[in-house]
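Now for the letters of each chain:
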Amino acid sequence: MTPIIDIHTHPQIKPHNAEIEDRVSKGLWKHFSESGSCRDLGSLRRKALENLVKDSQTNLDQAIVGDIRGLFISLYPVERNFFDVRKNHIILKLLLKKRHMRDFAQCVTGFGTTKIDKIFDRYLQKQGLNYYSKELVNEYNFLVGETSDPRFVIASDYDEFKNTLAQDGKVASILTIEGAHALGAYEKDDFWRPVSAADKLEIHKRLGEGFETHIKAVKKWNGGKHCPFFVTFAHHFCNLLAGHSQSFKQGGIIPGMADLLDQRNGIDEGFSKLGWEVLERFLTNSGERRILIDVKHMSVKARMQYFAFLKENYWDRGEELPVICSHGAFSGYRTLEESNKSDSNRRFKRNYLSKQSVNISDEEA
């Protein structure tokens, strides 16, 4: 077979965040089963999570068996909004109690009990989070540690990636990042509150310095050889940089993920002033590698703004900077403009293609 390349994978999330004994014995290679905390939730509470795959799918044993040996590994500090559950459905109000919250979070993320407890303790103390220094660097170091197994290689350039792929039994990887929040240092309220005009200048200054420092640092990982290839700029929740699209399914009689987790803050918005500055910092390649932009999860408005930016600053000047959508699907709409509508249950149902705005139009393809 010709080796298969998958440009969006997370083989490290479950082992990196597991209990120490599982992390040591399994690492990137062995399968992680669904957490027992899922079973403890009961059938009705579990129903809201039915679309979420809860065991590991990308361990490297399976990758080698399937000859999926080129992995773009997406580093992803899980957004803290996943641990702030709302009960926006009558079933959840009746059945989801405070004592279930940690089991729920452990089921959703697959994290070990120790990690879940630390996160909830910080949350209850109303602490913010420097995603870069507290999460992203540790995740990167975990992957570097896994290269002690010669079968796993983090490629420094195209030649090393290609040469590793040519060797049976080896996995060649390229680093990427999911969510530009991974380079930010946020205060607790930044995760959830709508930002007023009066707040924007203060937040811009405070966050901007952190983003600049962290992007410079990530571009120098391993002397620049491990600089991430691209960053998925938006993700599930507000990052104060660019709007995101709805990505959780709404429920009906039975609750869905959208009834549990609140994506409303920042949804469908465009780029902020800070977002434009961070974007240009990723794309600059003056004496360093450029980090490309992945449009998956961006709102339609943000995508339209980004494409206009590329046209004016790159394409019209003869530089063929690529558009990446690392794990997208087709919406069935012909144009971006047709896609630019508020998501609703109707857009999730009764269509052959999933017409929600997180998916891409023919025009974008």
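Quantities reported herein were computed from a predicted structural model and do not represent experimental measurements.

A. The side chain of His 244, seen in detail. Tracing the backbone shows His 244 in the loop between β7 (230–232) and α12 (273–283). Of the polar contacts made by the side chain of His 244, one reaches the backbone oxygen of Gln 263; its length is 2.8 Å.

B. Expanded view of helix α8 (residues 113–124). Between its first and last C-alpha atoms α8 spans 16 Å; for 12 residues at 1.5 Å apiece the expected length is 16 Å, and the two agree. Of the residues making up α8, those classed as buried are Lys 115, Ile 116, Ile 119 and Phe 120. Mapping the buried residues of α8 onto a view down its axis gives an arc of 130°, with all of them on the same face. Facing away from the buried side of α8, by more than 90 degrees, are the exposed residues Lys 118 and Leu 124. Turning to α8, the residues buried within the fold contact α7 (101–109) and α9 (131–146). Of the residues trailing α8, Lys 126 is marked for its positive phi of about 55°.

C. Inspection of the pattern of salt bridges at higher detail. Scanning the model with the defined rule gives 18 salt bridges in all. For the salt bridge of Glu 209 with Lys 205, the shortest nitrogen-to-oxygen distance reads 3.4 Å. Here Glu 209 and its partner Lys 205 are both found in helix α11 (residues 197–218), 4 residues apart, which amounts to about one turn of the helix. With relative accessibility at 46%, the residue Glu 209 sits in the partly exposed group. Residue Arg 303 pairs with Glu 364 through a salt bridge whose shortest N-O separation is 2.7 Å.

D. Spatial organisation of the nonpolar core. In this structure, Phe 152, Leu 183, Phe 233, Phe 282, Ile 293, Met 298 and Tyr 306 are the most contacted members of the largest nonpolar core, which totals 65 residues. Those residues in contact with Phe 282, other than ones at most four positions away along the chain, are Ala 180, Leu 183, Ile 215, Lys 219, Val 231, Phe 233, Arg 290, Ile 291 and Ile 293. If you look at the next biggest cluster of nonpolar residues, it comprises 23 residues, including Leu 41, Phe 104, Ile 119 and Met 257.

E. Molecular detail of the packing of aromatic side chains. Counted according to the given criterion, the structure contains 19 aromatic pairs. Here the aromatic rings of Phe 309 and Tyr 314 are separated by 6.1 Å at their centres, their planes lie at 65°, and the arrangement is edge-to-face. Clustering of aromatic rings is evident, with ring pairs tying together Phe 233, Phe 271, Trp 276, Phe 282, Tyr 306, Phe 307, Phe 309 and Tyr 314. Sitting over the ring of Trp 29, Arg 151 keeps its end group 3.7 Å from the ring centre.

F. Quick look at unusual backbone geometry. One non-glycine residue with positive phi stands out, namely Asp 67, at about 60°. Mapped onto the elements, Asp 67 comes out in the loop between α5 (60–65) and β2 (68–75). The residue Asp 268 is not glycine, and still its phi comes out positive at about 65°. Structurally, Asp 268 can be placed in the loop between β7 and α12.

The rules behind these values
Residues numbered from 1 in each chain as written. Predicted model: local features only at pLDDT ≥ 70, side-chain atom pairs only at ≥ 80, totals over all residues. Heavy atoms only, no water. Helix = DSSP H or I, 4+ residues; strand = E, 2+ residues; numbered from the N terminus. Polar contact = N/O pair within 3.5 Å; in protein donor to acceptor, adjacent residues only side chain to side chain. Expected span 1.5 Å × (residues − 1). Buried < 20%, exposed > 50% of the residue type's maximum accessible area, 1.4 Å probe, protein only. Arc of directions from axis to C-beta. Contact = heavy atoms within 4.5 Å. Salt bridge = Lys/Arg side-chain N within 4 Å of Asp/Glu carboxyl O. Core = buried A, V, L, I, M, F, W, Y, C linked by side-chain atoms within 4.5 Å. Phe/Tyr/Trp six-rings, centres within 6.5 Å; stacked < 30°, edge-to-face > 60°. Lys NZ or Arg CZ within 6 Å of the ring centre and 35° of its normal.

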